[in-house]
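Residue strings, one per chain:
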Amino acid sequence: MSKTPPSGRLLGPLFVPPPRAPYATNPASSRGRFWAEEESATRSCYQRDRDRIIHSTAFRRLKHKTQVFVQHEGDYYRTRLTHSLEVAQIARSLARVLGLDEDLAEALALAHDLGHPPFGHAGEAALNACMAGHDGFDHNAQALVLVTRLEHRYADFDGLNLTWETLEGLVKHNGPLLHEGAGLRESLPEAIAAFPWDLELFTHAGPEAQIAALSDDIAYVNHDIDDGLRAGLFQIEELFEVALVGPIFRELSAAHPGLERGRLIGEAIRRLIGQMVGDVTAQTLRALGALAPRNAGEIRGYGTPLAEFSPALRADLSKLKEFLFRRMYHHPRVLQVMQNAQLALTQLFGTFMADPALLPRDWMAGCGAPGDSVTARAVCDYIAGMTDRFALQEHRKFFHMEIAL
């Protein structure tokens, strides 16, 4: 039973967010949209980007796309949608304390997984194999395709017509895609290489995109611990000697013997998120203090990311990820489901490639001849947009069999 405080007062000083920092991405200085539009009188351009992402078809479909566990395994486990919401909450918090643009950070966090196909990384691997010889499949490139071409919501243009800064952050949130003297544009996915707007692929993204990428790391590590424990893939005691999370569980178990298991997990996750957010904040403020950037452009042009974990936490995080890789992502229960899911997507791809007339009419219109690269990309785009359950429904329709998941 939770303890009742003696009064309703707040304990400790209230947090007052700092003013916008000079190195924040400023909506008033945005490079604008590919297609000229009248801007809103009540929302900044990055608020509009965020709102367009939330109202998109691709964002709604994340509700039924796998994070680690297939959706039918239980309502508790995270999906791509709930994961994206958790990333957005962390990104807003970090942006606020660092004086960055919260709306841009939130828009990038909400959009970062839009390009994922059904069944998570297993689905991506399956589509990439199917697209061998046809430029492959990359979920970041697919996200760009979705927000610039495949979303059909507006009368005057395809896509969502997001600002340059949101598109740049969407494509480059994990770092530069090309490197001076080394990178070749031909090595990029065609959707990115041929994009008609220069997204400055040799530089890092702006500070809000860097924060969104770290927020993704923080969110997925923590919720995968939570989901893995509740799914019984490993036990709390097995985490005691794991870097980063072990000391938290040991301390809580000692301080609260007999604590309800759900409370113990929830409290540990809360503390771990707080520790990781605090580490990013301190490390990034140190880097910002040393560089003293005058604007977001100077952060883009810097040779390394400004937003980072400390070296010590980064090393511990690597060990924690290695534990999750062994005990969760490669757990036989997870692997078997994903292998079956890959088979379903591969068979669907082959079916539509052999007979594009089986596609819905609007998708069939974008095909070339059976088996060519134009048809392959249209089929891939169609399958990548499916939810887990719709992919299984389509497979059942054509193959008259249930895929065991």
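Residues numbered from 1 in each chain as written. Predicted model: local features only at pLDDT ≥ 70, side-chain atom pairs only at ≥ 80, totals over all residues. Heavy atoms only, no water.

Digging into the overall build of the protein chain
Link 1 in the chain: The helix and strand inventory of the protein chain stands at 17 helices and zero strands.
Link 2 in the chain: Relative to a compact globule of 405 residues, whose C-alpha radius of gyration would be 22 Å, the protein chain shows 22 Å and is just as compact.
Link 3 in the chain: Projecting the C-alpha coordinates of the protein chain onto the three principal axes gives extents of approximately 70 × 50 × 45 Å.
Link 4 in the chain: Each of the 405 residues in the protein chain was classed as buried or not, and the buried ones make up 51%.
Link 5 in the chain: The long-range fraction of contacts in the protein chain, counting pairs at least 24 apart against all pairs at least 6 apart in sequence, stands at 72%.
Link 6 in the chain: By element, 55% of the accessible surface of the protein chain is carried by carbon and sulfur atoms, the whole surface being about 18,900 Å².
Link 7 in the chain: The average position of the 41 basic charges and that of the 50 acidic charges among the side chains of the protein chain differ by 5 Å. (Helix = DSSP H or I, 4+ residues; strand = E, 2+ residues; numbered from the N terminus. Rg over C-alpha atoms; globule rule 2.2 N^0.38 Å. Buried < 20%, exposed > 50% of the residue type's maximum accessible area, 1.4 Å probe, protein only. Contact = heavy atoms within 4.5 Å. Areas by Shrake-Rupley, 256 points an atom, 1.4 Å probe, with all protein chains shown as cover. Lys, Arg positive; Asp, Glu negative; His and termini not counted. Charge placed at Lys NZ, Arg CZ, Asp CG, Glu CD.)

With respect to the pattern of salt bridges
Link 1 in the chain: Under the criterion given, the structure shown has 34 salt bridges.
Link 2 in the chain: Salt-bridge contacts for Arg 33 lead to Glu 39; the nearest nitrogen and oxygen are separated by 2.7 Å.
Link 3 in the chain: Salt bridges sharing common partners tie together Arg 43, Arg 50, Asp 51, Arg 92, Arg 96, Glu 102, Asp 103 and Glu 106. (Salt bridge = Lys/Arg side-chain N within 4 Å of Asp/Glu carboxyl O.)

A closer look at the packing of aromatic side chains
Link 1 in the chain: Following the criterion strictly, the structure yields seven aromatic pairs and no others.
Link 2 in the chain: A ring pair is formed by Phe 34 and Trp 35, whose centres lie 5.2 Å apart and whose planes are at 80 degrees; its orientation type is edge-to-face.
Link 3 in the chain: Chaining the aromatic ring pairs together yields one cluster made of Phe 352, Trp 363, Tyr 382 and Phe 398.
Link 4 in the chain: One Lys or Arg, Arg 31, reaches over the ring of Trp 164 and ends 3.7 Å from the middle of that ring.
Link 5 in the chain: The ring of Tyr 154 has Arg 52 lying over it, and the distance from NZ or CZ to the ring centre is 4.9 Å. (Phe/Tyr/Trp six-rings, centres within 6.5 Å; stacked < 30°, edge-to-face > 60°. Lys NZ or Arg CZ within 6 Å of the ring centre and 35° of its normal.)

Notes on the state of the cysteines
What we call a disulfide is simply a covalent bond connecting the sulfur atoms of a pair of cysteines.
Link 1 in the chain: Throughout the structure, instances matching the rule amount to zero disulfides.
Link 2 in the chain: Left unpaired, Cys 380 is separated from the closest cysteine sulfur, that of Cys 130, by 8.0 Å.
Link 3 in the chain: Among the residues examined, Cys 380 registers a relative accessible area of 0% and is labelled buried. (Disulfide = S-S within 2.5 Å.)

With respect to the nonpolar core
In a soluble, globular protein the nonpolar side chains are often hidden away together inside.
Link 1 in the chain: In this structure, Leu 114, Ile 225 and Leu 320 are the most contacted members of the largest nonpolar core, which totals 112 residues.
Link 2 in the chain: The contact partners of Leu 320, leaving out residues within four places of it in the chain, are Val 221, Ile 225, Val 242, Ala 243, Leu 244, Val 245 and Leu 272.
Link 3 in the chain: In terms of nonpolar packing, the next biggest core, distinct from the first, is built from seven residues, Cys 45, Leu 108, Ala 205 and Ala 212 among them. (Core = buried A, V, L, I, M, F, W, Y, C linked by side-chain atoms within 4.5 Å.)

Concerning the environment of Ala 219
Link 1 in the chain: Residue position: Ala 219 is located in helix H9 (residues 207-230).
Link 2 in the chain: Take Ala 219: its relative accessible area is 2%, and that puts it in the buried class.
Link 3 in the chain: Sequence spacing of Ala 219 and Ile 273 is 54 residues, and the spatial spacing of their C-alpha atoms is 7.7 Å.
Link 4 in the chain: If near-sequence neighbours (up to four positions away) are discounted, Ala 219 is found in contact with His 83, Glu 86, Val 87 and Ile 90.

With respect to the environment of Ser 30
Link 1 in the chain: Tracing the backbone through its elements, the reader meets Ser 30 in the segment before helix H1 (45-54).
Link 2 in the chain: Each C-alpha atom, one on Ser 30 and one on Asn 128, is 34 Å from the other, the two residues being 98 residues apart in sequence.

Some points on the packing of helix H4 (residues 102-111) against H9
Link 1 in the chain: The contact between H4 and H9 brings their axes to 8 Å, and the two run at 45 degrees. In terms of their interaxial angle, H4 and H9 are classed as oblique. For the pair H4 and H9, the sense of crossing is right-handed. Taking contact as the criterion, the partners of Leu 104, Ala 105, Leu 108 and Ala 109 in H4 are, on H9, Glu 208, Ala 209 and Ala 212. (Axes fitted to C-alpha atoms, helices over the stretch in contact; angles between N-to-C directions. Parallel < 35°, antiparallel > 145°, perpendicular 65-115°, else oblique. Left-handed = near helix turned anticlockwise from the far one by under 90°.)

Digging into helix H6 (residues 139-150)
Each α-helix turn comprises 3.6 residues. Residues three or four places apart therefore point the same way.
Link 1 in the chain: When the terminal C-alpha atoms of H6 are compared, their 14 Å separation across twelve residues is substantially less than the 16 Å that a helix rising 1.5 Å per residue should span.
Link 2 in the chain: Buried residues dominate H6, accounting for ten of its twelve residues.
Link 3 in the chain: Here H6 has its buried residues at His 139, Asn 140, Ala 141, Gln 142, Ala 143, Leu 144, Val 145, Leu 146, Val 147 and Leu 150.
Link 4 in the chain: Residues of H6 that are buried make contact with helix H2 (57-61), helix H5 (120-130), helix H7 (164-172), helix H8 (190-193), helix H15 (361-364) and helix H16 (373-384).
Link 5 in the chain: You can read the cap of H6 off the contacts: a side-chain oxygen lies 3.0 Å from the backbone nitrogen of Asn 140, and it is on Asp 138. (Expected span 1.5 Å × (residues − 1). Polar contact = N/O pair within 3.5 Å; in protein donor to acceptor, adjacent residues only side chain to side chain.)

Quick notes on helix H17 (residues 388-399)
Link 1 in the chain: The end-to-end C-alpha distance of H17 is 16 Å, a good match for the 16 Å that twelve residues give at a rise of 1.5 Å each.
Link 2 in the chain: Every buried residue of H17 is accounted for by Asp 388, Ala 391, Leu 392, Glu 394 and His 395. Looking down the long axis of H17, one finds its buried residues gathered within 160 degrees of arc, a one-sided arrangement.
Link 3 in the chain: For H17, the elements touching its buried residues are helix H14 (332-354) and H16.
Link 4 in the chain: Immediately downstream of H17, the backbone of His 400 shows phi near 50 degrees, a positive value. (Arc of directions from axis to C-beta.)

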